[in-house]
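Listed below are the residues making up each chain.
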Amino acid sequence: MADTFPALLEARLRDALAKVVGDTPLPPDFAASVGPAQNAQFGDYQANAAMVLAKTLKANPRQIAAGIVEHFDAAGLCESPTIDGPGFVNFRLAADTLAARVRAMLADPEKLGVAPAAEPKTVVVDFSAPNVAKPMHVGHIRSTILGDCLARIARFLGHRVITDNHIGDWGTQFGMILWGWKHLLDEAALEKDPVGELLRLYREVNARQKEDEALRETCKAELVKLQNGDPENLAIWEKCVALSKRGLQRIYDLLDVRFDHWLGESYYNDRLAPLVEDLLARGIAEVSDGAVCVFFREIEALDGKPAIVRKSDGGFLYATTDLATIDHRVEEWGADAIWYVVGAPQQLHFDQIFAAAARRGITAELAFIPFGSILGKDKKMLRTRSGDTVQLADVLAEAVERARAIIEEKNPELDEAEKAEIARVIGIGSVKYAELSQYRMTDYVFDWDTMLSLKGNTAPYLINAYVRTRAIFRKLGGEFAGAETIALTEDAEKALALKLAQFAEAVPSVLNDFRPNALAAYLYELANTYHGFYEKCPILRAEGAARDTRLALCELTGRVLKKGLDLLGIATAERM
RNA sequence: GCGCCCGUAGCUCAGCUGGAUAGAGCAACGGACUUCUAAUCCGUAGGUCGUGCGUUCGAGUCGCACCGGGCGUGCCA
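From a predicted model like this one, the values you see are computed outputs, not experimental measurements.

1. A look at the protein's contact with RNA strand B
Taken together, 63 residues form the shell around RNA strand B, and within it Arg468, Ile472, Tyr534, Arg541 and Met576 come nearest. Atoms of RNA strand B within 4 Å of the protein: sugar and phosphate make up 62%, bases the balance. When residues of the surface near RNA strand B are traced back to their parent elements, those giving at least two are α2 (49-57), β4 (88-91), β8 (291-294), α13 (347-359), β13 (444-445), α17 (459-476) and α20 (516-536). The class makeup of the residues in the surface near RNA strand B is 29 nonpolar, 17 polar and 17 charged.

So, in structure tokens, the structure goes:
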């Protein structure tokens with residue numbers, strides 16, 4: 001696939017600069033970079049090289065810019081560059097260049113012009129990771145949706161991606177569950193709603209043990225029995241895990257999220273003791289107050305903050321499990337990179353884990369991808385009216401229900417099955433998009449009206465833009481049949497063509513800093529640009545080359561929107 | 001105490017490696033439906049980018065200090 005426009009412009013800019021500077025060495029960190037223009041009035045792209053180099057070359061930036069323009073080879077790419085302001089060099093792409101790119105994208109329905117990653121890697125994405133037998137609440141939504149999206153994009157860019165749901169299936173919560181199972185279990189309820197009954201047990205025992213010291217101890221004893229292989233507790237545990245997984249799978253199905261593996265904490269049980277022994281033997285860990293710790297005295301930020309890998313009572317912690325998990329992913333799967341999509345409060349934990357892994361000789365790139373909290377309209381952590389944490393399943397159900405009500409109002413003539421399908425697409429898509437359209441670190445306010453709105457940067461808006469592209473072809477009475485000629489004459493056509501070509505810039509940029517919202521912002525701009533085009537340029541009423549061109553732009557917009565939304569994990573509908 | 005994160009329009013949020021006059025949506029006001037789905041569009045109005053120094057030709061963006069909020073900080077995950 002062809003290079004992106006900035007890459008093409010940069011190559012020619014380098015050639016021009018070489019002629020301008022002659023033998024003068026450029027600063028070592030200098031890169032002749034070309035970025036999108038801030039404002040369409042200046043052009044499509046701009047370069048700041050002249051201003052950056054003014055000092056080194058001891059010359060007026062506008063003079064350098066003039067030299068660049070003089071030597072710049074624009075043939076077959078853009079118009080002759082212009083100089084504006086203190087020394088910006090502005091580029092405007094030729095209409096033919098844009099038309100050729102549109103044609104190339106139409107011929108590439110799978111990748112739509114996006115180039116594969118230069119160095120494909122094996123990437124393990126660790127996300128979602130709910131606790132078994134504890135409610136999957138909205139906090140998990142960010143990890144699940146972000147992680148799934150990053151995995152989709154990495155895969156699309158040609159990386160070998162392995163998704164692993166590292167579920168908490170061996171935590172201390174099982175002490176409570178076991179006691180609850182033995183004393184409070186309602187068999188009939190378990191039959192009818194297994195996950196709900198497990199949740200009830202957890203909540204009930206958790207509430208009781210907060211007041212009851214003796215119960216706390218009893219639960220702990222149940223946990224120890226489980227960890228020592230007590231057959232009865234082991235059998236109950238297995239049943240709980242199986243039931244929970246079934247409940248979780250239903251949510252993942254609804255979200256269209258898939259995992260290659262579900263290797264939870266329990267999978268690593270046998271590896272923890274040898275791991276700790278190894279750490280001790282190699283002098284990486286030491287015993288302190290009866291616990292086995294890894295100290296990081298040479299890292300200022302971590303000095304005095306050891307990672308504890310074995311408690312003084314002999315038990316292991318999640319730091320131990322996480323280290324064993326890294327080993328497995330590197331040794332068995334050949335991971336070059338592991339991405340952890342986990343809430344921001346765990347920053348310290350991952351700093352410790354990564355430092356400990358480095359000391360053990362792990363060279364895989366370990367990335368902590370943190371995110372902020374979801375807040376209620378009161379700006380506090382999202383809770384139900386009764387004060388419980390909000391469950392993900394309830395959120396999704398309500399989203400679909402609300403979407404359904406809107407469809408009923410706007411488009412009552414659709415048949416039942418289609419209404420239900422559209423409600424699912426819009427409802428789930430809205431929840432996902434609300435998450436992905438925002439910078440992941442901001443604590444964001446969960447608001448139904450905003451995320452389901454048809455205006456603004458929302459899933460319904462984008463899906464509607466897609467629907468409009470499809471409506472054209474429905475009206476036409478057939479699918480897009482290719483374009484004889486593509487001739488961009490109107491500004492609105494050129495603007496749309498340029499925006500479409502920039503899909504190739506937007507998708508890879510997501511992985512720069514793990515920002516799906518960069519892709520969301522792009523899609524919103526694309527939808528906006530399409531609407532502008534749609535208003536100004538009649539499509540079916542046009543004739544000849546104009547009609548061909550516009551149908552092609554319409555088709556390509558639909559494809560890019562659909563693919564872009566798919567990369568976010570969001571489905572589209574043909575009608576809404 | 002120390003560490004991390006956040007602070008941008010009345011509200012909800014964008015603003016990638018520092019670049020031109022800081023952008024959207026909601027709410028407010030004014031326009032465009034014999035339609036290619038008006039669920040879309042166009043326009044008006046709205047700002048000491050928490051504060052202050054500093055680096056720079058140029059700072060919402062980088063550095064330092066402070067203010068305000070959130071979260072972490074040795075045996076939960």
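2. Some words on unusual backbone geometry
Despite not being glycine, lysine 58 has its phi angle at roughly 50°, a positive value. Its location among the elements puts lysine 58 in the loop between α2 and α3 (61-71). Positioned with a positive phi, aspartate 256 is a non-glycine residue whose angle comes to about 60°. Locating aspartate 256 in the fold gives a position in the loop between α10 (231-255) and α11 (269-281).

3. A short note on the packing of aromatic side chains
Using the criterion set out here, one finds 19 aromatic pairs in the structure. Taking the centre distance of 5.0 Å and the plane angle of 85° together, the rings of phenylalanine 446 and tryptophan 448 count as edge-to-face. As far as burial versus exposure is concerned, phenylalanine 446 and tryptophan 448 are alike and both buried. Centre to centre, the rings of phenylalanine 473 and phenylalanine 480 are 6.2 Å apart; their planes meet at 80°, and the pair counts as edge-to-face. A single burial state applies to phenylalanine 473 and to phenylalanine 480, both of which are buried. Above the plane of the ring of phenylalanine 295 lies arginine 297, whose end atom (NZ or CZ) is 4.4 Å from the centre.

4. Points about helix α5 (residues 139-156)
Between its terminal C-alpha atoms α5 stretches 27 Å, which fits the 26 Å expected from 18 residues at 1.5 Å a residue. In the stretch just after α5, glycine 158 is the one whose phi turns positive, near 95°.

5. Here's the deal with α2
Listed in full, the buried residues belonging to α2 are Ala49, Ala50, Leu53, Ala54 and Leu57. Angular distribution of buried residues about the axis of α2 spans 140°; they occupy a single face of the element. Away from its buried face, by an angle of more than 90 degrees, α2 presents the exposed residues Val52 and Lys55. Elements that come into contact with the buried residues of α2 comprise α1 (5-21), β2 (45-47) and α3. Following α2 by one or two positions, lysine 58 has its phi on the positive side, about 50°.

6. Observations regarding the sheet that holds strand β6 (residues 160-164)
Strands sit in the order β6-β5-β10-β11 across an open sheet of four strands; the sheet is parallel. Sheet topology places β6 and β11 (365-369) at the edges, where each strand pairs with a single neighbour. Strand after strand, the sheet turns through a mean of 20° between neighbouring axes, direction not considered. The pairing of strand β10 (residues 337-341) with β11 spans five bridges and is classified as parallel. Each bridged residue has a counterpart across the sheet, and for tryptophan 339 the counterpart in β11 is alanine 367. Strands in contact with α5 are β5 (122-126), β6, β10 and β11; relative to β10, the strand with the most contacts, it is inclined by about 150°.

7. Section: the pairing of β6
Taking burial as the measure, the five residues of β6 include four buried ones, the bulk of the element. Across five bridges, the pairing between β5 and β6 is parallel. The partner of valine 125 across the bridge, within β6, is threonine 163. Viewed along the sheet, the connection from β5 through α5 into β6 turns out right-handed.

8. A look at the layout of surface pockets
Taken as a whole, the second largest pocket holds about 730 Å³ of empty space. Surrounding the second largest pocket, 26 residues form its lining, Pro36, Asp44, Leu498, Lys499 and Gln502 being those nearest its centre. Of all elements in the fold, only α4 (95-106), α18 (491-501), α19 (503-509) and α20 reach the threshold of two or more residues within the lining of the second largest pocket. For the lining of the second largest pocket, a count of residues per class yields 13 nonpolar, five polar and eight charged. A domain split of the lining of the second largest pocket shows at least three residues from each of domain 1 (5-93) and domain 4 (392-568).

9. Regarding the nonpolar core
In terms of nonpolar packing, the biggest core is built from 132 residues, with Trp339, Leu519 and Leu568 touching the most fellow members. Per-element accounting of this core gives the leading share, 10 residues, to helix α21 (residues 544-568). With 35 residues, the next largest nonpolar core counts Leu272, Leu275, Ile284 and Ala285 among its residues.

10. Notes on the packing of α4 against α18
Relative orientation of the contacting elements α4 and α18 amounts to 50°, with a least axis distance of 9 Å. Comparing their axes, α18 and α4 come out oblique. Of the two elements, α4 crosses α18, and the hand of that crossing is left-handed. Contacts between α4 and α18 involve Ala95, Leu98, Arg101, Val102 and Met105 from the former and Lys494, Ala497, Leu498, Leu500 and Ala501 from the latter.

11. Quick notes on the domain arrangement of chain A
In terms of domain boundaries, chain A breaks down into domain 1 (5-93), domain 2 (122-167 + 261-374), domain 3 (173-255) and domain 4 (392-568). A C-alpha centroid distance of 44 Å is found between domain 3 and domain 4.

12. Re the pattern of salt bridges
Here the structure, examined in full by the defined rule, presents 37 salt bridges. Two residues, aspartate 256 and arginine 152, come together in a salt bridge whose shortest N-O distance is 3.4 Å. With aspartate 256 in the loop between α10 and α11 and arginine 152 in helix α5, this residue pair connects regions lying 104 residues apart in the sequence. Judged by relative accessible area, which is 33%, aspartate 256 ranks as partly exposed. Under the relative-accessibility criterion, arginine 152 is labelled buried at 15%.

13. Examining the pairing of β8
Side chains of β8 alternate between two faces, with Ala291 and Cys293 and Val292 and Val294 buried alike. One ladder, built from three bridges, connects strand β7 (residues 286-288) with β8; its direction is antiparallel. Note on β8: the bridge partner recorded for serine 288 is alanine 291. Between β7 and β8, which follow one another and run antiparallel, lie two residues, and aspartate 289 among them has a positive phi close to 55°. Two elements, β8 and strand β9 (residues 307-310), share three bridges in a ladder whose sense is antiparallel. Counted as the bridge partner of valine 292 is arginine 310 from β9.

Thresholds, definitions, all that
Residues numbered from 1 in each chain as written. Chains lettered and ligands numbered in written order. Predicted model: local features only at pLDDT ≥ 70, side-chain atom pairs only at ≥ 80, totals over all residues. Heavy atoms only, no water. Near = heavy atom within 4 Å. Helix = DSSP H or I, 4+ residues; strand = E, 2+ residues; numbered from the N terminus. Nonpolar A, V, L, I, M, F, W, Y, C, P; charged D, E, K, R; others polar. Phe/Tyr/Trp six-rings, centres within 6.5 Å; stacked < 30°, edge-to-face > 60°. Buried < 20%, exposed > 50% of the residue type's maximum accessible area, 1.4 Å probe, protein only. Lys NZ or Arg CZ within 6 Å of the ring centre and 35° of its normal. Expected span 1.5 Å × (residues − 1). Arc of directions from axis to C-beta. Contact = heavy atoms within 4.5 Å. Pairing = 2+ DSSP bridges. Axes fitted to C-alpha atoms, helices over the stretch in contact; angles between N-to-C directions. Right-handed = clockwise from strand over helix to strand, strands pointing away. 1 Å grid on protein atoms, 1.4 Å probe; cavity = no way out; pocket = protein on both sides within 12 Å on 5 of 7 lines; lining within 4 Å. Points joined across faces, edges and corners; volume = space filled by probe spheres on them. Domains from an automatic or database assignment. Core = buried A, V, L, I, M, F, W, Y, C linked by side-chain atoms within 4.5 Å. Parallel < 35°, antiparallel > 145°, perpendicular 65-115°, else oblique. Left-handed = near helix turned anticlockwise from the far one by under 90°. Salt bridge = Lys/Arg side-chain N within 4 Å of Asp/Glu carboxyl O.

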